[in-house]
Amino acid sequence: MATATTMRPLISLALPEKGTARLAGQLLLGIAGTLLLILSAKTKVMLGPVDISMQTLAVFLIAASFGMRLGVATLLLYMAEGALGLPVFQSTPEKGIGIAYMLGSTGGYLAGFVVMAAIVGWAADRGWDRHPIKLFNAMLVAEIVMMAMGFAWLSLLIGPQKSWQFGVVPFIVGDLIKVALAASLVPAVWSLLKRS
């Protein structure tokens, strides 16, 4: 007989088991997650010729902590806020807002964030969030998928060579650092909780 492969993500420790209280808690967490995403989008670090936001780090942490369903729901809520014209993305409102911004040069990366949350959340639901190496591997796969989606969309707009040069290469080192950081933080929290 196969054993159940689903485990509870980190945030489930703080949520009621069922009922209206659980739903309300999930809604509040989703809203808090979108606030973290907005803050991370507006926080920039200069690494070489480009400024890098902390969004991928926030997506990793949300997905690994919330699990797949709540993680993806949080990202979809964030995208809905952006689609409605709220200045939630990195270069909004300076470079536009709403659907027009989302279909611009960052469109593939934004869609990739949702897929990234699904991959990392799926891994967290299976207990990989307790093991740094397993979580790192899941986050690395999620990162590659998100970058591939961003590259593919950007290639349609400016061609593959420029997309690779400006949309992928400048972000490799920074994103690998964020993968390593997120893959270390979540298991460290689990380890602290086991000791207490």
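Chemist: So what's going on with the overall build of the chain? Residues and values would help.
Modeler: On a plain count of helices and strands, the chain comes out with eight helices and two strands. Going from N to C terminus, the chain has its helices and strands arranged as α-β-β-α-α-α-α-α-α-α. Over its C-alpha trace the chain gives a radius of gyration of 17 Å, about what one expects of a compact globule, namely 16 Å for 196 residues. In terms of its C-alpha atoms, the chain occupies a principal-axis envelope of roughly 50 × 35 × 35 Å. Across the 196 residues of the chain, 45% fall into the buried class. Counting only contacts in the chain whose residues sit at least 6 apart along the sequence, the fraction spanning at least 24 positions is 69%. Put simply, the chain shows about 10,300 Å² of open surface, and 74% of that area lies on carbon and sulfur atoms. Distance between charge centroids for the chain: 6 Å, based on 14 positive and 8 negative side chains.

Chemist: Report on helix 2 (residues 55-66), specifying residues and quantitative values.
Modeler: Residues that lie three or four places apart on an α-helix share one face, since the helix turns once every 3.6 residues. Between its first and last C-alpha, helix 2 extends 16 Å over twelve residues, near the 16 Å set by a 1.5 Å rise per residue. Burial of helix 2 is extensive: eleven of the twelve residues sit out of reach of the surface. Gln-55, Thr-56, Leu-57, Ala-58, Val-59, Phe-60, Ile-62, Ala-63, Ala-64, Ser-65 and Phe-66 are the residues of helix 2 that are buried. Immediately downstream of helix 2, the backbone of Gly-67 shows phi near 85°, a positive value.

Chemist: I'd love a proper account of the nonpolar core, names of residues and values included.
Modeler: Looking at soluble globular proteins, one finds that nonpolar side chains tend to be buried together. Counting 42 residues, the largest nonpolar core has Phe-60, Leu-75, Met-79, Phe-89, Phe-113, Val-120 and Met-139 as its most contacted members. Elements with a contribution of two residues or more to this core: helix 1 (20-42), helix 2, helix 3 (68-83), helix 4 (98-102), helix 5 (107-125), helix 6 (132-158) and helix 8 (172-195). A per-element tally of this core places helix 2 first, with eight residues. With residues near it in sequence (within four places) discarded, Phe-113 still touches Gln-55, Thr-56, Val-59, Leu-75, Met-79 and Met-146.

Chemist: Summarise the pattern of salt bridges; cite the residues concerned and give the values.
Modeler: Counted according to the given criterion, the structure contains two salt bridges. Measuring nitrogen to oxygen at the nearest pair gives 2.9 Å for the salt bridge that ties Asp-129 to Arg-130. By relative accessible area, Arg-130 is classed as buried at 18%. Here Asp-175 makes a salt bridge to Lys-178, at a shortest N to O gap of 3.1 Å. Of the two residues, Asp-175 and Lys-178 are both situated in helix 8; the distance of three residues between them amounts to about one turn of the helix. Of the two residues, Asp-175 and Lys-178, both sit in the buried class.

Rules behind the numbers
Residues numbered from 1 in each chain as written. Predicted model: local features only at pLDDT ≥ 70, side-chain atom pairs only at ≥ 80, totals over all residues. Heavy atoms only, no water. Helix = DSSP H or I, 4+ residues; strand = E, 2+ residues; numbered from the N terminus. Rg over C-alpha atoms; globule rule 2.2 N^0.38 Å. Buried < 20%, exposed > 50% of the residue type's maximum accessible area, 1.4 Å probe, protein only. Contact = heavy atoms within 4.5 Å. Areas by Shrake-Rupley, 256 points an atom, 1.4 Å probe, with all protein chains shown as cover. Lys, Arg positive; Asp, Glu negative; His and termini not counted. Charge placed at Lys NZ, Arg CZ, Asp CG, Glu CD. Expected span 1.5 Å × (residues − 1). Core = buried A, V, L, I, M, F, W, Y, C linked by side-chain atoms within 4.5 Å. Salt bridge = Lys/Arg side-chain N within 4 Å of Asp/Glu carboxyl O.

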